[in-house]
Amino acid sequence: MATTNPLQFIQQVRSEVAKVVWPTRREVMLTTVMVFILAALTAVFFAIVDIIIRGGLQAVLGMFG
C-alpha cells in the first residue's frame, strides 16, 4: 500500500470532490416521486398476491375442515 503525506491526500480528495456531479432540484424531485410511485405499486402488488394466497389457502383448508 502506497503511503501519501497529508497534503497529497487533501489534494487528492479535493480533486475527487471536484468531479462530483450533484443532481438538480428537478432531478431530485423526479426521482423522489418515482420512488414513491414504485413503492405504492409494489405494495399493491404484494397485497393482491396476499389476498390470492389467503383465498387459495382458505379454499384448500375448507375442503378438509
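Just above, that's the structure.
Note that the structure is a prediction, hence the values are computed from the model and not measured.

K.L.:
I'm lost on the overall build of the protein in this one. Help?
P.N.:
A tally of helices and strands in the protein yields two helices and zero strands. Rg of the C-alpha trace for the protein: 26 Å, well past the compact-globule value of 11 Å for 65 residues, more than 25% over. For the protein, the spread of C-alpha atoms along the principal axes amounts to about 75 × 35 × 10 Å. Summed over its atoms, the accessible surface of the protein is roughly 6,400 Å², and 73% of this surface lies on carbon and sulfur atoms.

K.L.:
How do you make sense of the packing of aromatic side chains when you look at a structure like this?
P.N.:
The relation between two aromatic rings is expressed through the spacing of the ring centres and the mutual angle of the planes. The final tally for this structure, using the stated rule, is one aromatic pair. Each ring, one from F45 and one from F46, has its centre 5.1 Å from the other, and the planes form 70 degrees; the classification is edge-to-face.

K.L.:
Is there a simple way to explain the pattern of salt bridges in this structure?
P.N.:
Under the defined criterion, the tally for this structure stands at two salt bridges. Among the ionic pairs, E16 bridges to K19, the shortest N-O distance being 3.1 Å. The partly exposed category is assigned to E16, whose relative accessible area is 48%. The exposed category is assigned to K19, whose relative accessible area is 56%. As a salt-bridge pair, D50 and R54 come within 3.6 Å of each other at their nearest N and O atoms. Here R54 and D50 lie together in helix 2 (residues 25-64), a separation of four residues that amounts to about one turn. The exposure class of D50 is partly exposed, given its relative accessible area of 43%.

K.L.:
Help me out: how do you make sense of a nonpolar patch on the surface in this one?
P.N.:
A cluster of nonpolar residues, F9, I10, V13 and V17, forms a patch on the protein surface that exposes about 360 Å² of accessible area. Mapped onto the elements of the fold, V13 is located in helix 1 (residues 6-18).

Conventions we followed
Residues numbered from 1 in each chain as written. Predicted model: local features only at pLDDT ≥ 70, side-chain atom pairs only at ≥ 80, totals over all residues. Heavy atoms only, no water. Helix = DSSP H or I, 4+ residues; strand = E, 2+ residues; numbered from the N terminus. Rg over C-alpha atoms; globule rule 2.2 N^0.38 Å. Areas by Shrake-Rupley, 256 points an atom, 1.4 Å probe, with all protein chains shown as cover. Phe/Tyr/Trp six-rings, centres within 6.5 Å; stacked < 30°, edge-to-face > 60°. Salt bridge = Lys/Arg side-chain N within 4 Å of Asp/Glu carboxyl O. Buried < 20%, exposed > 50% of the residue type's maximum accessible area, 1.4 Å probe, protein only. Patch = residues over 30% accessible without salt bridge, like charges linked within 9 Å, V, L, I, M, F, W, Y side chains within 5 Å.

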